[in-house]
Amino acid sequence: MKKMRAIRNIRLCTKDCLCLYVCPTGASDTENGQIDATKCIGCGMCVQSCPSHALSLVPYEYPAQQVKEPAMIDDLHRLISSKSKQESAMRYLKQHQQDPIIMQLAQAIETSNRVMAEDLAREAGYMLPQSQNTHTLLQMIIETVDDENIKKMAKELVKLLPVND
Ligand code: SF4
Ligand code: SF4
């Protein structure tokens with residue numbers, strides 16, 4: 001059974017197309033942004049060739065997560081909330097400023113708070129595909145979102161990613 005497969009972050013991909021030339025199986029498609037998982041053999045050639053760091057290898061089976069103490073999760077949630085508020089404050093400042101230097105500074109602080117909040121969310125057990133938190137979120141999407149395509153994707157993810165806390 002294959003252990004790894006490549007994924008592409010389309011926000012980073014500049015369509016330089018080096019991955020197309022090195023992929024031995026033709027799994028990489030830059031037109032639709034997808035990597036065909038049925039063709040990908042997880043060799044990692046595309047990851048090494050990508051100048052934009054847009055490609056990564058991910059495992060088919062994720063290891064169990066470390067158990068975190070509830071007090072630590074509470075603290076992480078508080079920090080996430082604080083970073084999120086700072087991000088919003090900087091967005092507001094950016095939108096109501098004329099001075100280009102302050103706008104740039106606000107943008108930098110906004111982005112940095114977003115990145116820190118995402119890191120903290122990962123630490124708290126969110127955003128990890130194998131976590132119960134992620135499954136609870138997907139379940140909520142299935143039950144509450146109207147868009148049928150999003151529902152379908154959420155259902156497929158629940159099937160593909162068994163909980164491994
Ligand atoms: S090599 Fe990287 S940047 Fe170029 S097309 Fe492939 S994923 Fe995109
Ligand atoms: S990991 Fe190998 S097979 Fe999979 S898309 Fe990249 S180059 Fe192709």
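Reading the values: the criteria
- Residues numbered from 1 in each chain as written.
- Chains lettered and ligands numbered in written order.
- Predicted model: local features only at pLDDT ≥ 70, side-chain atom pairs only at ≥ 80, totals over all residues.
- Heavy atoms only, no water.
- Core = buried A, V, L, I, M, F, W, Y, C linked by side-chain atoms within 4.5 Å.
- Buried < 20%, exposed > 50% of the residue type's maximum accessible area, 1.4 Å probe, protein only.
- Contact = heavy atoms within 4.5 Å.
- Salt bridge = Lys/Arg side-chain N within 4 Å of Asp/Glu carboxyl O.
- Helix = DSSP H or I, 4+ residues; strand = E, 2+ residues; numbered from the N terminus.
- Near = heavy atom within 4 Å.
- Nonpolar A, V, L, I, M, F, W, Y, C, P; charged D, E, K, R; others polar.
- Axes fitted to C-alpha atoms, helices over the stretch in contact; angles between N-to-C directions.
- Parallel < 35°, antiparallel > 145°, perpendicular 65-115°, else oblique.
- Left-handed = near helix turned anticlockwise from the far one by under 90°.

1. Digging into the nonpolar core
Core analysis: the biggest nonpolar cluster contains 10 residues, these being Ala6, Cys19, Cys23, Ala27, Ile35, Cys40, Cys46, Cys50, Ala54 and Leu55. Residues in contact with cysteine 46, not counting those within four places in the same chain, are Ala6, Cys19, Val22 and Leu55. Leu76, Ile80, Leu120 and Ala124 belong to the second-largest nonpolar core, a separate cluster that totals five residues.

2. Details of the pattern of salt bridges
Counted according to the given criterion, the structure contains six salt bridges. Residue aspartate 75 is joined to arginine 78 by a salt bridge in which the shortest nitrogen-to-oxygen separation is 2.6 Å. Here arginine 78 and aspartate 75 lie together in helix α3 (residues 70-95), a separation of three residues that amounts to about one turn. Look at arginine 78 and you get exposed, because its relative accessible area is 55%. Between arginine 114 and glutamate 87 there is a salt bridge whose closest N-O contact spans 2.8 Å. Placement of the pair is arginine 114 in helix α4 (residues 100-123) and glutamate 87 in helix α3, with a sequence separation of 27 residues. Salt bridges here are not isolated pairs; linked through shared partners, they connect Glu87, Arg91, Lys94, Glu110 and Arg114.

3. Looking at the site of ligand 1
The environment of ligand 1 is formed by 13 residues, the closest being Cys13, Cys17, Cys19, Thr30 and Cys50. Considered class by class, the residues forming the shell around ligand 1 number seven nonpolar, three polar and three charged.

4. Focus: the packing of helix α5 (residues 132-144) against helix α6 (residues 148-160)
Relative orientation and spacing of two packed helices are given, respectively, by the angle between their axes and the distance between those axes. Closest axis-to-axis distance for the α5/α6 pair is 9 Å, and the angle between their directions is 150°. On the basis of the axis angle, α5 is roughly antiparallel to α6. In this structure, α5 meets α6 at a crossing whose hand is left-handed. For the pair α5 and α6, contact is made by His135, Leu138, Ile141 and Ile142 and by Ile150, Lys151, Ala154, Lys155, Leu157 and Val158, respectively. Within the contact of α5 with α6, the residues separate by chemical class into seven nonpolar, one polar and two charged.

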